[in-house]
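In case you want the letters, here they are:
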Amino acid sequence: FTQVARDAAYFQCNSRDVVARFTRAYGVHPSRCFHTYNAVQNRLPAIAGALPAGAPPGPFFFYPAQAWPHKNHFTLLQALALAKQRSSPVADLVFVGSDKGNLAYLRAVANKLGIAERVHFGGFVSRGELKALYRRATALVFPSLLGPNNLPPQEAATLGCPVILSDLPGHREQLGDGARYAPALDAAAWSDAMHHVGTDAAYRTRLIENGRRAVSGYTTDAYVARRGELLARVAALRLLWPPDA
């Protein structure tokens, strides 16, 4: 990859934060980097499906993520256990996504913390079910250790689902004041954030409005236009060589 970084004319990155990290890591001048935000429109069906089997009838926080350790489901389990200890009214957790080797451990942690009955593991779900879960959730909880180019926070904000997001470099660039932020590994902060979003209707409404505004520019047309600008630069540079070079 270092060789590619030295030789390539341009690089497409999907945030300014990635541009900054990339230029530091590989010594690439920022003028060779072009940021294009992901488009979230049309990724989910126009009509939501039914909730998947096993979804709780009451309120729940929603986390769509593969069961990898770095997705940090663990901190959410701790946050729910803390709420239980404090007798704080926090909704259930719904996890969906394929098992990447960490699911058995997460089930064991939920059992050990005494919250297994409030944690729902839904496995892989269809896009229609995913949309229904966003629509019904109290909020999206997204404590991933990696970012900022994850699509679920943008999808949730587009669909009017409040977002609680790990406070990593670049995440605030993605959603600004359209999300509540918490340190990724601070279970108490996550528990507090979930309680606030779940019990303060006015605050929740404000997050929804700010979130929709934050992602309003992440459209397919905007994405295509930015890609077109980059391809035009590449095409102009290519003219410096003969066609058969």
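These figures come from a predicted structure and were not determined experimentally.

Participant: In this structure, what is going on with the pattern of salt bridges? I would like to understand it.
Facilitator: Applying the stated criterion to the full structure yields six salt bridges. Between Asp 192 and Arg 86 there is a salt bridge, and its shortest N-O distance comes to 2.9 Å. Of the two residues, Asp 192 sits in helix α8 (residues 187-199) while Arg 86 sits in the loop between α3 (73-85) and β4 (92-96), which places them 106 residues apart along the sequence. Since its relative accessible area comes to 43%, Arg 86 is described here as partly exposed. Taking the shortest distance from any N to any O, the salt bridge between Asp 167 and Arg 172 comes out at 3.0 Å. Under the relative-accessibility criterion, Asp 167 is labelled partly exposed at 35%.

Participant: Looking at this model, I keep getting lost on the pairing of β4. Mind explaining?
Facilitator: Successive residues of a regular strand alternate their side chains across the two faces of the sheet. For β4, the buried fraction is high: five of the five residues fall into the buried class. What you see with β4 is no split at all: Asp 92, Val 94 and Val 96 on one side and Leu 93 and Phe 95 on the other are buried throughout. Two elements, strand β3 (residues 60-64) and β4, share five bridges in a ladder whose sense is parallel. Bridging across to β4, Pro 64 finds its partner in Val 96. Handedness of the crossover joining β3 and β4 through α3: right-handed.

Participant: Help me out: how do you make sense of the pairing of strand β6 (residues 139-142) in this one?
Facilitator: Every second residue of β6 is oriented toward a common face, with Ala 139 and Val 141 on one face and Leu 140 and Phe 142 on the other, all of them buried. Across two bridges, the pairing between β3 and β6 is parallel. Opposite Phe 62, over in β6, you have Leu 140 as the bridge partner. Crossover connection from β6 via helix α6 (residues 151-158) to parallel strand β7 (residues 163-166): handedness right-handed.

Participant: What exactly am I supposed to notice about the sheet that holds β7 here?
Facilitator: Sheets are built from strands that pair by backbone hydrogen bonding, the pairs being arranged parallel or antiparallel. Reading across the sheet, the six strands line up as β5-β4-β3-β6-β7-β8 and stay open at both edges, with parallel pairing between neighbours. Either end of the sheet is taken by a strand with one partner, and the two such strands are β5 (119-121) and β8 (180-182). Recorded for the sheet is a direction-independent mean angle of 25° between the axes of neighbouring strands. As judged from the three bridges shared by β6 and β7, these two strands associate in the parallel manner. Note on β7: the bridge partner recorded for Phe 142 is Leu 165. Strands β3, β4, β5 and β6 of the sheet are contacted by α3, whose axis makes an angle of about 165° with β4.

Participant: Sorry, what's going on with the side chain of Ser 15 here?
Facilitator: Considering the arrangement of structural elements, one finds Ser 15 in the loop between β1 (11-13) and α2 (16-26). Given a relative accessible area of 2%, Ser 15 falls into the buried group. There is a polar contact of 3.3 Å between the side chain of Ser 15 and the backbone nitrogen of Asp 17. For Ser 15, the contacting residues outside a window of four places in its chain are His 35, Tyr 37, Pro 148, Asn 149 and Glu 173.

Participant: How should the nonpolar core be read in this particular structure?
Facilitator: Looking at soluble globular proteins, one finds that nonpolar side chains tend to be buried together. Grouped together as the largest cluster of nonpolar side chains are 53 residues, with contacts concentrated most on Phe 61, Phe 62, Leu 77, Leu 93, Val 141, Ile 164 and Met 194. Dropping the residues within four chain positions of it, Leu 93 is found in contact with Phe 61, Leu 76, Leu 77, Leu 80, Arg 118, Val 119, His 120, Val 141 and Met 194.

Participant: What should I look at first to understand unusual backbone geometry in this one?
Facilitator: With the exception of glycine, most residues fall at negative phi, and the peptide bonds are largely trans. The step from Gly 147 to Pro 148 runs through a cis peptide bond, and the omega angle for that step is 15°. On the secondary structure map, Pro 148 appears in the loop between β6 and α6. Backbone geometry places Asn 72, a non-glycine residue, at a positive phi of 65°. Among the secondary structure elements, Asn 72 is positioned in the loop between β3 and α3.

Participant: Is there a simple way to think about the packing of α3 against helix α4 (residues 103-112) in this case?
Facilitator: Two numbers describe a pair of packed helices, the interaxial angle and the distance between the axes. Running from N to C, α3 and α4 point in directions that differ by 10°, and their axes come no closer than 10 Å. Here α4 runs roughly parallel to α3, going by the angle between their axes. Taking contact as the criterion, the partners of His 73, Phe 74 and Leu 77 in α3 are, on α4, Tyr 105, Leu 106, Val 109 and Ala 110. The residue makeup of the contact of α3 with α4, split by class, is six nonpolar, one polar and no charged.

Conventions we followed
- Residues numbered from 1 in each chain as written.
- Predicted model: local features only at pLDDT ≥ 70, side-chain atom pairs only at ≥ 80, totals over all residues.
- Heavy atoms only, no water.
- Salt bridge = Lys/Arg side-chain N within 4 Å of Asp/Glu carboxyl O.
- Helix = DSSP H or I, 4+ residues; strand = E, 2+ residues; numbered from the N terminus.
- Buried < 20%, exposed > 50% of the residue type's maximum accessible area, 1.4 Å probe, protein only.
- Pairing = 2+ DSSP bridges.
- Right-handed = clockwise from strand over helix to strand, strands pointing away.
- Axes fitted to C-alpha atoms, helices over the stretch in contact; angles between N-to-C directions.
- Contact = heavy atoms within 4.5 Å.
- Polar contact = N/O pair within 3.5 Å; in protein donor to acceptor, adjacent residues only side chain to side chain.
- Core = buried A, V, L, I, M, F, W, Y, C linked by side-chain atoms within 4.5 Å.
- Parallel < 35°, antiparallel > 145°, perpendicular 65-115°, else oblique.
- Nonpolar A, V, L, I, M, F, W, Y, C, P; charged D, E, K, R; others polar.

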